Amino acid sequence: MTSSFSNLSLAEPLARAVAEMGYETMTPIQEQAIPVVLQGKDVMGAAQTGTGKTAAFALPLLQRMMKHENASTSPARHPVRALVLLPTRELADQVAEQVRLYAKYTNLRSTVVFGGMDMKPQTLELKKGVEVLVATPGRLLDHIEAKNAVLNQVEYVVLDEADRMLDIGFLPDLQRILSYLPKQRITLLFSATFSPEIKRLASSYLQDPVTIEVARSNATASTVEQHFYAVNADDKRRALHQVLKSRGMKQAFVFVNSKLGCARLARSLEREGLKTTALHGDKSQDERLKALEAFKSGEVDLLVCTDVAARGLDIKDVPAVFNFDVPFNAEDYVHRIGRTGRAGASGLAVSFVASSDQRLVADIEKLIKTKIDLEPLEFEEDRPRAPGGAGDQGGNNDGRRMYREGAEGEHRERPERRERREHLPHRQAAAPRDPFFDQPYEVNAAPGTAPAWEADTKSASSRSGISSNIKPKKKVAALFKTPS
Ligand code: AMP
């Protein structure tokens, strides 16, 4: 059963903002979390970006803070009462933008601070006084040290994407930040998974939390055509060229597992004539924005990225996602391929599997509860001119060399099977169906209308992909076509 926001008795300014954003029914995480947060309980929530998680914590927190709402211009009347911590600049910025929209008809103020940008404008905002502070841990500590942020009146803390924060190594920073906060507070923790580390974090900082999990997290959209090709590690670049060419694809995300690998691969692909940019955690904010905008404008065709850098990126409908490296974490596979085939559009997800990756593929198989067939990849340039030539792999009577790795017999494809597949437009993964995943938030949408999160309700700046919080430097601004 989906319930409406009108059942929540939100304060009028919040209800108005929600209505203006076009939300009608609550998403599962909202249905479950909002009443619990309204009651003032700690929450441990398993939910990912895209589930409506931000509203699930922001709306009840704003509702609870309404009692402090005042129109005074004095900074002292607007102390930080809610602190939202996120692992990356992009995520922090996106969450802050949503909080701003939900609070726009109230006198509650919000701002965002993250690294890679000048501290001065952030300092000015903090000094004016804000009730909701969205931050990445490192930059927040800088502001605490500079005495720009006073956190002794914080009543609510949200640790969002907590698993990512731990992955990045933010635990010591989090511990320090939490040590500055009043003990008496409400703490909400959201994470894609409840790993032992997350559970430890929760047991240290949460009090009798209510656990909330939304079912969709490990499903893959049925609109995504998934392929797993058995490829020698050294031939992956060649395989990428081959698939792009044979599919007539121009743009794609290419995922790798390390920053170093990311930079290297981007350089190699660029040398091989593909317009490529790398997106990884060491890139400055300006560089990341520049890369994203270049991709959106079509100036760049391939965005080679790491999971951390790509998490939360506001890019929808990427035609194809390549797992150049099979992710170490099966959940990352779901995140990665979630960039394509969104909102009913069809997408392509291609994973290149070296023999050492078989265990990782088995993990993915378990997680998405779908049998994965490793397919051979056949390279055009390997096709011999005459049947039975040098490339013949005895058993392929058409003389084409089947590309495979590891246990040969396992990956050799019977010609009749290949033939069958070639007649299919594409192979759809028979992922377990969760209607929410397949059609998120579209329940009340008229056929053909854009889903709420893509509707044209965003500000002009967020439509262009750049939030008003991110002021690019001049050179970059010219590229974005926004005033600097
Ligand atoms: P989030 O998971 O918080 O990043 O939200 C993903 C997108 O869904 C955002 O663009 C939200 O504005 C949108 N959204 C959140 N809740 C709802 C809802 N109940 N109905 C429609 N759209 C929503």
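Going by the structure above, here's the rest.
Student: Got a sec to walk through the environment of Leu-151? Specific residues and values, please.
Tutor: On the secondary structure map, Leu-151 appears in the loop between helix 6 (137–145) and strand 5 (156–159). The partly exposed category is assigned to Leu-151, around which 19 C-beta atoms lie within 10 Å. In contact with Leu-151, other than residues within four places in its own chain, are Val-80, Leu-83, Ile-144, Tyr-180 and Leu-181.

Student: Which residues make up the nonpolar core, and what values do they have?
Tutor: Of all hydrophobic cores here, the largest spans 72 residues; its most connected members are Leu-85, Tyr-102, Val-134 and Ala-135. Excluding anything up to four places from it in sequence, Ala-135 contacts Leu-83, Leu-85, Ala-92, Val-112, Val-113, Phe-114 and Leu-140. The next biggest cluster of nonpolar side chains, apart from the first, holds 50 residues, and it includes Leu-269, Val-304, Ala-349 and Val-353.

Student: How would you summarise the sheet that holds strand 13 (residues 347–353) if you had to cite specific residues and measurements?
Tutor: Reading across from one edge, 10-11-9-12-13-8-14 is the order of the seven strands in this open sheet, with parallel pairing throughout. For this open sheet the edge positions go to strand 10 (276–279) and strand 14 (374–376), each flanked by a neighbour on one side alone. Averaged over all pairs of adjacent strands, the angle between their axes in this sheet comes to 25 degrees, without regard to strand direction. Across the sheet, helix 10 (residues 236–247) touches strand 8 (224–230), strand 9 (252–255), strand 12 (320–323) and strand 13, and the angle it forms with strand 13 is around 155 degrees. Strands in contact with helix 11 (residues 259–271) are strand 9, strand 10 and strand 11 (302–305); relative to strand 10, the strand with the most contacts, it is inclined by about 175 degrees.

Student: Give a detailed account of the sheet that holds strand 5, specifying residues and quantitative values.
Tutor: Overall, parallel pairing links the seven strands, which are arranged 3-4-2-5-6-1-7 in an open sheet. Both edges of this open sheet fall to strand 3 (110–113) and strand 7 (210–213), since each of them pairs with a single strand only. The mean angle between the axes of side-by-side strands here comes to 15 degrees, regardless of whether they run parallel or antiparallel. Two elements, strand 1 (residues 43–46) and strand 7, share four bridges in a ladder whose sense is parallel. Opposite Met-44, over in strand 7, you have Thr-211 as the bridge partner.

Student: Tell me about the pairing of strand 12, and name the residues and values.
Tutor: On strand 12, burial covers both faces: Ala-320 and Phe-322 on one face and Val-321 and Asn-323 on the other are all buried. One ladder, built from three bridges, connects strand 9 with strand 12; its direction is parallel. If you follow Val-254 over to strand 12, its bridge partner there is Phe-322.

Student: Provide a residue-level description of the packing of helix 14 (residues 330–337) against helix 15 (residues 358–368), including the pertinent values.
Tutor: Between helix 14 and helix 15, the shortest axis-to-axis distance is 8 Å and the interhelical angle comes to 70 degrees. What the angle tells us is that helix 14 and helix 15 run roughly perpendicular. The segment helix 14 lies against helix 15, with Ala-330, Glu-331, Tyr-333 and Val-334 engaging Asp-363, Ile-364, Leu-367 and Ile-368. Split by residue class, the contact of helix 14 with helix 15 holds six nonpolar, no polar and two charged.

Student: Account for helix 9 (residues 196–205), with residues named and values stated.
Tutor: Residues of helix 9 that are buried: Ile-198, Leu-201 and Ala-202. One side of helix 9 carries all its buried residues, which in axial view fall inside an arc of 100 degrees. For helix 9, the exposed residues lying more than 90 degrees away from the buried face are Pro-196, Lys-199, Arg-200, Ser-203 and Ser-204. Looking at the buried positions of helix 9, the neighbouring elements they touch are strand 1, helix 7 (162–168) and strand 6 (186–191).

Thresholds applied
Here the residue index of a chain counts from 1 through its sequence in written order. For a predicted model such as this one, the threshold for reporting local features is a pLDDT of at least 70, and the threshold for listing and counting side-chain atom pairs is 80 or more; totals across whole chains, interfaces and linings nevertheless cover every residue. Under the scheme used here, helices are H or I runs from DSSP no shorter than 4 residues and strands are E runs no shorter than 2 residues, and both carry numbers assigned from the N terminus. Buried, partly exposed and exposed are defined by the number of other C-beta atoms within 10 Å of a residue's own C-beta, namely 20 or more, between the two limits, and 12 or fewer respectively, with C-beta atoms placed from the backbone. What counts as a contact is two residues whose backbone-derived C-beta atoms lie within 7 Å of each other. Note on terminology: a nonpolar core is any set of buried Ala, Val, Leu, Ile, Met, Phe, Trp, Tyr and Cys residues joined through C-beta atoms within 7 Å. For two strands to count as paired, DSSP must find a minimum of two bridges between them. With axes taken as lines fitted to C-alpha atoms, and helix axes fitted only over the stretch in contact, angles between N-to-C directions fall between 0 and 180 degrees. Angle categories: roughly parallel below 35 degrees, roughly antiparallel above 145, roughly perpendicular from 65 to 115, and oblique for all the rest. Three classes are used: nonpolar for Ala, Val, Leu, Ile, Met, Phe, Trp, Tyr, Cys and Pro, charged for Asp, Glu, Lys and Arg, and polar for all others, with Gly counted as polar. Arc, as used here, means the arc of the directions from the helix axis to the C-beta atoms.

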